[in-house]
Amino acid sequence: MPKKQNFEDTLSELQSIVQRLESDSLSLDKMVHCFEDGMKLMKICRAQLDKVENRISTLVKENDELSEKPGIEQS
Amino acid sequence: MNIAGHSILTITQVANQVKYTLEKKYTNLWIQGEIASSKTYPSGHIYLTLKDGQSELSAVLFSQYAKLLKHKPITGLKVTVNGDLSLYSAKGQFQLQIRNLYPTGQGDLWLAYEALKAKLELEGLFAPESKRKISRFPNRIGIITSSEGAVLRDIIQVLNRRAPHVSCLIHPVPVQGKSAAGKISEAIKLMNQYGKMDTLIVGRGGGSLEDLWCFNDEQVIRAIYNSKIPIISAIGHETDTTLSDYVADYRAPTPSVAAEIASEDRQETIQYLDSISERFQIASKQIITNYKEKIVSLQNRHGFFKPRLLLEQWNTKLNDMDYRIKQSYNSIINSQKKIVDSLQDKILLLNPKTQLRRGFAIAMDSKNNIIFSPDQVKINEDMKIQVSKGIIMTKVKEGKINNA
């Protein structure tokens, strides 16, 4: 699994794993693997949703350098 | 019908032919004039008469176009209209079917708009296949709009409610005035250069045609087209469509809708994850149950019983043999015992003492030899007679041998 995956990719991987699991022809080993992978991805998804800070910052350009400043800066 | 070489037409046939010619030749016209009269019908259609110094032209605005008008077509207004000629067969009158109507002056603006639109369309800037997909689960959303005003507030409010886990990066820009177009396109480029966001919302509140005009600027349109980050446009009200809306990957009618499109509702997502979690449990349990059933059915297979059956059979045989061995052993012992018993009886019978007790006696000479025949002894020789309770000493008087 790549280190930094976006939520959408993680979710679609989760979906394909659950579909595999539901396809009913898995060996017991594979099932256990699927289950473990699924639970890992589930944890990642939930962790992303649990970040409860709606961080707002403003993109500013100073001396040709782009950076962020917290909050809303006036234009 | 044909009379004397002339083909005779019905009125409808003439009307249809004229209508066909008009519609083929007089399409997408831009006409300037003054509204001489205007009447709105309950159906929502507006019937107009347009005129200039010499001529008049009947025109109709069908309700689907009439309701999109920003300017009421009042009598006396000088207008530029865009539409097609057609024939109203019932009256035999040709009329202009208007799609757009602008007060004169703005008409020039719209001519430029239509020209730019046609050019960019030809270049493929509005093609559906060049639209990028808007992520439903962004980490961060970029917002390009005025730092004041309702747009930013609305977007942030909706995001706070639906997706508090999503953060925002704002690039404030002026959204009207001469510098707006340049600043907006620059902002789009800078946001792309900076990256680190999944979706961009370019927005502006409602305003007059001129206010929104910067979003019809070619620089802005091209900046949106060239953006690597998918862009949602939320410009003006639902009835205002700028070229930025055409080129954007998604056109939201309002800033709130833009925020909704840009983020899946957190609670719904959690519910969805819960449902997947449940599917995991059910599917895994099902697989385990299936395997268990397989094991049970294997256990019940004949093959597994065979060894046990054989074992049982062997066991029975062994028990049987054991029994039989014991049986024959006993019977042998018994028969031997009987033989011994009868021998014992015989022996007992043969015991001389037994004979003596029954009254028999044993004759012996002085040397204790048993006398079987009289010729073993002589007359007057000493002799012993053994009886049951003792010995009698005697002498031989006479001997007589039995006749054979």
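Every chain is numbered on its own, with residues counted from 1 as its sequence reads. Going through the entries in the order they are written, you letter the chains from A and number the ligands from 1. Where local features are concerned, this predicted model is filtered to residues with pLDDT of at least 70; where side-chain atom pairs are given and counted, the filter is 80 or more; whole-chain, interface and lining totals use all residues.

1. Thoughts on the overall build of chain A
What counts here: A run of H or I in DSSP counts as a helix once it spans at least four residues, and a run of E counts as a strand once it spans at least two, with each numbered from the N terminus.
Looking only at helices and strands, chain A features two helices and two strands. What you see in chain A, going N to C, is helices and strands ordered as α-α-β-β.

2. Side note on the overall build of chain B
Operational definition: Think of it as a crowd count around each C-beta: if 20 or more other C-beta atoms lie within 10 Å the residue is buried, if 12 or fewer it is exposed, and in between it is partly exposed, with C-beta placed from the backbone throughout. Contacts are defined on C-beta atoms placed from the backbone: any two residues whose C-beta positions lie within 7 Å are in contact.
Broken down by element type, chain B carries eleven helices and 15 strands. When each of the 404 residues of chain B is scored for burial, the buried share is 24%. Once local pairs closer than 6 in sequence are excluded, the contacts in chain B between residues at least 24 apart make up 61%.

3. A look at the environment of Ser 147 of chain B
With respect to the element layout, Ser 147 of chain B can be found in the loop between strand 8 (140-145) and helix 4 (150-162). On the basis of neighbour counts, which here come to 17 C-beta atoms within 10 Å, the residue Ser 147 of chain B falls in the partly exposed class.

4. Quick word on helix 10 (residues 302-350) of chain B
What counts here: Expected span, for any helix, means 1.5 Å times one less than how many residues it has.
Here helix 10 of chain B is 49 residues long and its end C-alpha atoms lie 70 Å apart, about the 72 Å a rise of 1.5 Å per residue gives. Within helix 10 of chain B, only zero of the 49 residues are buried, which leaves it mostly out in the open.

5. Regarding the sheet that holds strand 15 (residues 390-395) of chain B
Residues and elements named next belong to chain B. We count it as follows: Between any two strands, at least two bridges found by DSSP are needed for them to pair. Only the stretch in contact is used when a helix axis is fitted, and all axes are lines through C-alpha atoms; the angle between N-to-C directions ranges over 0 to 180 degrees.
Read across the sheet, three strands follow the order 13-14-15 without closing on themselves; strand pairing throughout is antiparallel. If you trace the sheet from one side to the other, it starts and ends with strand 13 (362-365) and strand 15, each paired once. In this sheet, neighbouring strand axes are inclined to one another by 30° on average, regardless of whether the strands run parallel or antiparallel. For strand 14 (residues 382-387) and strand 15, the ladder comprises six bridges, and the chain directions are antiparallel. Paired with Asp 382 across the bridge in strand 15 is Lys 395.

6. Points about the environment of Ala 258 of chain B
Along the chain, Ala 258 of chain B falls in helix 8 (residues 255-262). For the pair Ala 258 of chain B and Ile 231 of chain B, spaced 27 residues apart in sequence, the C-alpha to C-alpha distance is 9.8 Å.

7. Here's the deal with the interface of chain A and chain B
Between chain A and chain B, the residue contacts involve 34 residues of the former and 35 residues of the latter. Put simply, the parts of the chain that give the side of chain A that touches chain B at least two residues each are helix 1 (7-22), helix 2 (28-50), strand 1 (56-62) and strand 2 (65-70) of chain A. At ten residues, helix 2 of chain A tops the list of elements feeding residues into the side of chain A that touches chain B. Sheet topology note: the strand 1 of chain A/strand 9 (residues 167-172) of chain B ladder contains three bridges and is parallel. Within the sheet, the bridge partner assigned to Ser 57 of chain A lies in strand 9 of chain B and is Leu 169 of chain B.

8. Quick word on the nonpolar core
Rule in force here: Note on definitions: a nonpolar core is a set of buried residues drawn from Ala, Val, Leu, Ile, Met, Phe, Trp, Tyr and Cys, linked by C-beta atoms within 7 Å.
The biggest cluster of nonpolar side chains holds 47 residues, and the ones touching the most others in it are Ile 144, Ile 184, Ile 201, Ile 224 and Ile 232 of chain B. Among the elements that make up this core, the one with the highest residue count is helix 5 (residues 180-194) of chain B (six residues). Apart from the residues within four sequence positions on either side, Ile 224 of chain B is in contact with Ile 188, Val 202, Ile 231, Ser 244, Val 247 and Ala 248 of chain B. Listed in part, the 15 residues of the second largest apolar core include Leu 11, Leu 14, Ile 17 and Val 18 of chain A.

9. A short note on the packing of helix 5 of chain B against helix 6 (residues 218-226) of chain B
Residue and element names in this part refer to chain B. Heads up, the condition is: Each angle is binned into one of four classes, with values under 35 degrees roughly parallel, values over 145 roughly antiparallel, values of 65 to 115 roughly perpendicular, and all other values oblique. Left-handed is the label given to a crossing in which the near helix is rotated counterclockwise from the far helix by less than a right angle, and right-handed is the label when the rotation is clockwise. Put simply, Ala, Val, Leu, Ile, Met, Phe, Trp, Tyr, Cys and Pro go in the nonpolar bin, Asp, Glu, Lys and Arg in the charged bin, and everything else, Gly too, in the polar bin.
Viewed as axis vectors pointing N to C, helix 5 and helix 6 meet at an angle of 10°, and their least axial separation amounts to 8 Å. On the basis of their axis angle, the class for helix 5 and helix 6 is roughly parallel. Here helix 5 and helix 6 pass one another in a crossing that is left-handed. Taking contact as the criterion, the partners of Ala 181, Gly 182, Ile 184, Ser 185, Ile 188 and Lys 189 in helix 5 are, on helix 6, Gln 219, Val 220, Ala 223 and Ile 224. When grouped by side-chain class, the residues that make up the contact of helix 5 with helix 6 number six nonpolar, three polar and one charged.

10. Side note on the sheet that holds strand 10 (residues 199-204) of chain B
Strand-to-strand pairing in sheets goes through backbone hydrogen bonds, with the strands running parallel or antiparallel. Taken in spatial order, the seven strands make up an open sheet running 2(A)-1(A)-9(B)-8(B)-10(B)-11(B)-12(B), and their pairing is mixed. In the strand order of this sheet, the two ends are held by strand 2 of chain A together with strand 12 (250-251) of chain B, each with one partner. In terms of strand pairing, strand 10 of chain B meets strand 11 (residues 231-235) of chain B through five bridges, oriented parallel. By the bridge assignment for strand 11 of chain B, Val 202 of chain B is matched with Ser 233 of chain B. Across the sheet, helix 5 of chain B lies against strand 1 and strand 2 of chain A together with strand 8, strand 9 and strand 10 of chain B, angled at about 160° from strand 8 of chain B, the strand it touches most.

11. Focus: the pairing of strand 5 (residues 56-61) of chain B
The side chains of a regular strand alternate, first on one face of the sheet and then on the other. All names here are of chain B. The sheet contact formed by strand 4 (residues 46-51) and strand 5 spans six bridges and is antiparallel. Within the sheet, the bridge partner assigned to Thr 49 lies in strand 5 and is Ser 58. A loop of four residues connects strand 4 with strand 5, the two strands running antiparallel in sequence. The pairing of strand 5 with strand 7 (residues 93-103) spans two bridges and is classified as parallel.

12. Observations concerning the packing of helix 1 of chain A against helix 2 of chain A
Residue and element names in this part refer to chain A. Viewed as axis vectors pointing N to C, helix 1 and helix 2 meet at an angle of 150°, and their least axial separation amounts to 9 Å. Taken together, the axes of helix 1 and helix 2 are roughly antiparallel relative to one another. The way helix 1 lies across helix 2 gives a crossing that is left-handed. Contacts from Phe 7, Thr 10, Leu 11, Glu 13, Leu 14, Ile 17, Val 18, Arg 20 and Leu 21 in helix 1 reach Met 31, Cys 34, Asp 37, Gly 38, Leu 41, Met 42, Ile 44, Cys 45 and Gln 48 in helix 2. Of the residues belonging to the contact of helix 1 with helix 2, the class tally is twelve nonpolar, three polar and three charged.

13. A closer look at unusual backbone geometry
Among all residues save glycine, negative phi is the norm, and among peptide bonds the norm is trans. Here Asp 64 of chain A, not a glycine, exhibits a phi torsion of approximately 65°, which is positive. Considering the arrangement of structural elements, one finds Asp 64 of chain A in the loop between strand 1 and strand 2. You can call Asp 64 of chain A exposed: it has 5 C-beta atoms within 10 Å. One non-glycine residue, Asn 28 of chain B, adopts positive backbone phi at about 50°. By the element assignment, Asn 28 of chain B lies in the loop between helix 1 (11-25) and strand 3 (29-40).

14. Some details on the environment of Leu 243 of chain B
You can see Leu 243 of chain B is positioned in helix 7 (residues 243-247). By C-beta crowding, Leu 243 of chain B is classed as buried, having 23 other C-beta atoms within 10 Å.

15. Some details on the confidence of the model for chain B
Residue and element names in this part refer to chain B. So the rule is basically this: Per-residue confidence from the predictor is reported as pLDDT, a score between 0 and 100.
Across chain B, the average pLDDT comes to 89, with 99% of residues at or above 70. Averaged pLDDT values over the elements of chain B bottom out at 76 in strand 1 (residues 2-3) and peak at 96 in helix 6. Scored by ipTM, the complex comes to 0.80, with pTM at 0.58.

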